[in-house]
2 protein chains.
Amino acid sequence: MNPDSFQQLDKVIHEKSRMAIMSTLASSAELSFTELRDTLGMTDGNLTTHIRTLQKAGYVSVSKRFSENRPLTTCTLTDEGREAFGGYVDLLEEIIEQARGSK
Amino acid sequence: MNPDSFQQLDKVIHEKSRMAIMSTLASSAELSFTELRDTLGMTDGNLTTHIRTLQKAGYVSVSKRFSENRPLTTCTLTDEGREAFGGYVDLLEEIIEQARGSK
């Protein structure tokens, strides 16, 4: 059991809702804010707050454009975000293996 | 991708330090407060706070006795705690599989 593993877990990603957002974005090239909100069953306010945290960390980029004369906000993982999420999942897997081994 | 999985993660266990405590206790019958603190490199205050949260949830039991004329505080997982930790790890594993599948 390496106790440092736990502390190395990226706290930006470890929060449950942000794990869900990162995981959903990891499986898509791009998602609209609305699709993401509806997929995750989150409120506008809640999703906005978490997206902002992910943007500040450099993990998600948000772009606004017009589509059929209506504003469209889309979210996508940055390369840095994809790498951080990959590292987070790898570390989580190690922790689970340790936990399984210790049962 | 089932977005509910993330929200089902037990928030008492999901906090990084508490994951570390639960994981460490899961591999031992009983540990003294001092052993736990030193293994995890936590401060007394920090460990006390987290142990209290785990006690309130019914996951950890704490007992005090004397050993060689010195007070000894020990911590152990309750049956409920062991079950909750098992469920948490199972769910985390499902989430990782989903994330791996989506990469």
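Everything that follows concerns the structure shown earlier in this document.
First things first, this report covers the structure right here in the doc. The shown structure was predicted, so the numbers you read here are calculated from the model rather than taken from an experiment.

How each quantity is defined
Residues numbered from 1 in each chain as written. Chains lettered and ligands numbered in written order. Predicted model: local features only at pLDDT ≥ 70, side-chain atom pairs only at ≥ 80, totals over all residues. Heavy atoms only, no water. Salt bridge = Lys/Arg side-chain N within 4 Å of Asp/Glu carboxyl O. Helix = DSSP H or I, 4+ residues; strand = E, 2+ residues; numbered from the N terminus. Buried < 20%, exposed > 50% of the residue type's maximum accessible area, 1.4 Å probe, protein only. Pairing = 2+ DSSP bridges. Contact = heavy atoms within 4.5 Å. Axes fitted to C-alpha atoms, helices over the stretch in contact; angles between N-to-C directions. Least-squares fit on C-alpha atoms with pLDDT ≥ 70 in both.

**Some thoughts on the pattern of salt bridges**
Tallied over the entire structure, the rule returns 6 salt bridges over all chains. Between Arg65(B) and Glu30(B) there is a salt bridge; the shortest N-O distance is 3.6 Å. Highlighted residues: Arg65(B) in strand β2 (residues 60-67) and Glu30(B) in the loop between α3 (16-26) and β1 (31-32), separated in sequence by 35 residues. Look at Arg65(B) and you get partly exposed, because its relative accessible area is 41%. Given the relative accessible area of 38%, Glu30(B) is considered partly exposed. With a shortest N-O distance of 3.0 Å, Arg37(B) and Asp38(B) are connected by a salt bridge. Among the charged side chains, a network of salt bridges with common partners joins Arg37(A), Asp38(A) and Asp44(A).

**Notes on the sheet that holds strand β1 (residues 31-32) of chain A**
All names here are of chain A. Spatial strand order, β1-β3-β2: 3 strands in an open sheet with antiparallel pairing. At either margin of the open sheet sits one strand with a lone partner, and together these are β1 and β2 (60-67). Two elements, β1 and strand β3 (residues 70-77), share 2 bridges in a ladder whose sense is antiparallel. Within β3, the residue paired with Ser32 across the bridge is Thr74. Against the sheet, helix α5 (residues 44-56) contacts β2 and β3, and its axis sits at roughly 120° relative to β2.

**Some thoughts on the relation of the copies chain A and chain B**
Note on the identical chains: chain A maps onto chain B by a rotation of 180° and an axial translation of 0.0 Å, with an RMSD of 0.0 Å. Overall, the copies show the geometry of a two-fold rotation axis. In terms of proximity to the rotation axis, the leading residue of chain A is Glu93(A), whose C-alpha is 3.7 Å off the axis. With an isologous cut-off of 70% or more, the 100% of interface residues of chain A that recur at the interface of chain B puts this contact in the isologous class.

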